[in-house]
Amino acid sequence: MEQTITQSLEKAKALRQSILKKAFEGRLLNDDELAACKKAKDYEPAGELLKKIQAEKAKKEGREKLKKKKKTTGKKAEKK
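About the thresholds
All residue numbers refer to positions counted from 1 along the written sequence of the respective chain. Residues qualify for local features only when their pLDDT is at least 70, as the model is predicted, and side-chain atom pairs are given and counted only at 80 or more; totals for whole chains, interfaces and linings, by contrast, use all residues. Side-chain metrics rest on all non-hydrogen atoms present in the structure, leaving aside hydrogens and water. In this text, helices come from DSSP runs of H or I with a minimum length of four residues, and strands from runs of E with a minimum of two, each type numbered from the N-terminal end. Radius of gyration here is computed from C-alpha atoms only, and the compact-globule reference equals 2.2 Å multiplied by the residue count raised to the power 0.38. We call a residue buried when its accessible area falls under 20% of the maximum for its residue type, exposed when it is over 50%, and partly exposed in between, using a 1.4 Å probe and counting protein chains only. With residues, only the protein chains shown are counted as cover, and all accessible areas are computed by Shrake-Rupley using a 1.4 Å probe. The positive count covers Lys and Arg only, the negative count covers Asp and Glu only, and His and the chain ends enter neither. One atom stands in for each charge, and that atom is NZ of Lys, CZ of Arg, CG of Asp or CD of Glu. Note that patches include only residues with greater than 30% relative accessible area and no salt bridge, and the join distances are 9 Å for like charges and 5 Å for nonpolar side chains (Val, Leu, Ile, Met, Phe, Trp, Tyr). A pairing counts as a salt bridge when a side-chain nitrogen of Lys or Arg comes within 4 Å of a carboxyl oxygen of Asp or Glu.

(A) Representation of the overall build of the protein within the structure. When helices and strands are tallied, the protein shows three helices and zero strands. The helix and strand sequence of the protein, counted from the amino end, reads α-α-α. Rg of the C-alpha trace for the protein: 23 Å, well past the compact-globule value of 12 Å for 80 residues, more than 25% over. Over its C-alpha atoms, taken along the principal directions, the protein stretches across nearly 65 × 45 × 20 Å. Looking at the 80 residues of the protein, the share that counts as buried comes to 0%. Carbon and sulfur atoms form 57% of the exposed surface of the protein, whose accessible area is close to 8200 Å². In the protein, 25 positive and 13 negative side-chain charges are present, and the distance between their average locations comes to 12 Å.

In structure tokens, the structure reads:
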């Protein structure tokens with residue numbers, strides 16, 4: 001039983017790697033499937049999604065810096 005589980009986990013790991021490799025190579029979908037996806041109303045090119053992610057990350061980092069600055073400023077005021 002343990003051997004079967006181990007083998008299944010190894011197969012799952014290999015399958016995951018194969019899927020990721022195909023995804024990075026742009027080979028997960030054939031041309032017809034890709035064209036159908038691009039016609040969907042919620043389709044966004046990867047570049048646009050990346051821009052959104054970067055903007056959200058920058059916004060979050062800005063809020064964290066502001067919080068940190070407020071904490072630091074508050075501690076300095078308490079010391080005086």
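(B) Fine view of a nonpolar patch on the surface. Taken together, the side chains of Leu-15, Ile-19, Leu-28, Leu-29 and Leu-34 present a nonpolar region at the surface, about 430 Å² in accessible area. With respect to the helices and strands, Ile-19 occurs in helix α1 (residues 2-25). Its relative accessible area of 42% is what places Ile-19 among the partly exposed residues.

(C) Local environment of the pattern of salt bridges. This structure, assessed with the given rule, holds four salt bridges. Of the charged contacts in the structure, one is a salt bridge between Glu-25 and Lys-21, with a shortest N-O distance of 3.8 Å. Placement of the pair is Glu-25 and Lys-21 together in helix α1, with a separation of four residues, close to one helical turn. In this structure, Lys-51 and Glu-48 form a salt bridge, with 3.7 Å as the shortest nitrogen-oxygen distance. Of this pair, Lys-51 and Glu-48 both sit in helix α3 (residues 46-79), three residues apart, which is roughly one turn of that helix.

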